[in-house]
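# Survey of secondary and tertiary structure
If you want the building blocks of each chain, they are given just below.
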Amino acid sequence: MFPKVVQVIPYRDYKVDVYFEDRKIVCYHASHLLSEYFFKEPDTIFDTWL
């Protein structure tokens, strides 16, 4: 089974820290998952998350 996610922290450079219940912390780089449109105006997109 997979451990449950406890917390997720997004950053402006499209990195995401994911905290799991087994105390493991993983940093994912999500930039390759986004289309080119998102890279044109990153501040606008980040502000909508908050």
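Read on for a plain summary of the structure. (Residues numbered from 1 in each chain as written. Predicted model: local features only at pLDDT ≥ 70, side-chain atom pairs only at ≥ 80, totals over all residues. Heavy atoms only, no water.)

## Looking at the pairing of strand β3 (residues 25-29)
Note: strand β2 (residues 15-20) against β3, 5 bridges, orientation antiparallel. Within β3, the position partnered with valine 16 by the bridge is tyrosine 28. Remark: 4 residues form the turn of the hairpin made by β2 and β3, two consecutive strands paired antiparallel; arginine 23 in that turn has positive phi of roughly 70°. (Pairing = 2+ DSSP bridges. Helix = DSSP H or I, 4+ residues; strand = E, 2+ residues; numbered from the N terminus.)

## Looking at the pattern of salt bridges
Per the counting criterion, the structure on display carries 1 salt bridge. One salt bridge in this structure joins lysine 15 and aspartate 13, with 3.7 Å as the shortest N-O distance. For lysine 15, a relative accessible area of 29% corresponds to the partly exposed category. (Salt bridge = Lys/Arg side-chain N within 4 Å of Asp/Glu carboxyl O. Buried < 20%, exposed > 50% of the residue type's maximum accessible area, 1.4 Å probe, protein only.)

## Overview of the sheet that holds strand β1 (residues 5-10)
Taken in spatial order, the 3 strands line up as β1-β2-β3 in an open sheet, and their pairing is antiparallel. Since the sheet does not close on itself, it has two edges, and those belong to β1 and β3, each with one partner. The mean angle between the axes of side-by-side strands here comes to 20°, regardless of whether they run parallel or antiparallel. (Axes fitted to C-alpha atoms, helices over the stretch in contact; angles between N-to-C directions.)

## Observations regarding the side chain of aspartate 17
Topologically, aspartate 17 is positioned in strand β2. Lysine 15 provides the closest opposite charge to the buried, unpaired aspartate 17, separated from it by 8.1 Å. Looking at aspartate 17, its side chain comes within polar contact range of the side chain of tyrosine 11, at 3.0 Å. (Lys, Arg positive; Asp, Glu negative; His and termini not counted. Polar contact = N/O pair within 3.5 Å; in protein donor to acceptor, adjacent residues only side chain to side chain.)

## Topic: the pairing of β2
Relative to β2, β1 runs antiparallel, the two sharing 5 bridges. Looking at the pairing, glutamine 7 lines up with tyrosine 19 of β2. Taking the residues between adjacent antiparallel strands as the criterion, β1 and β2 are bridged by 4 residues, where tyrosine 14 takes a positive phi near 65°.

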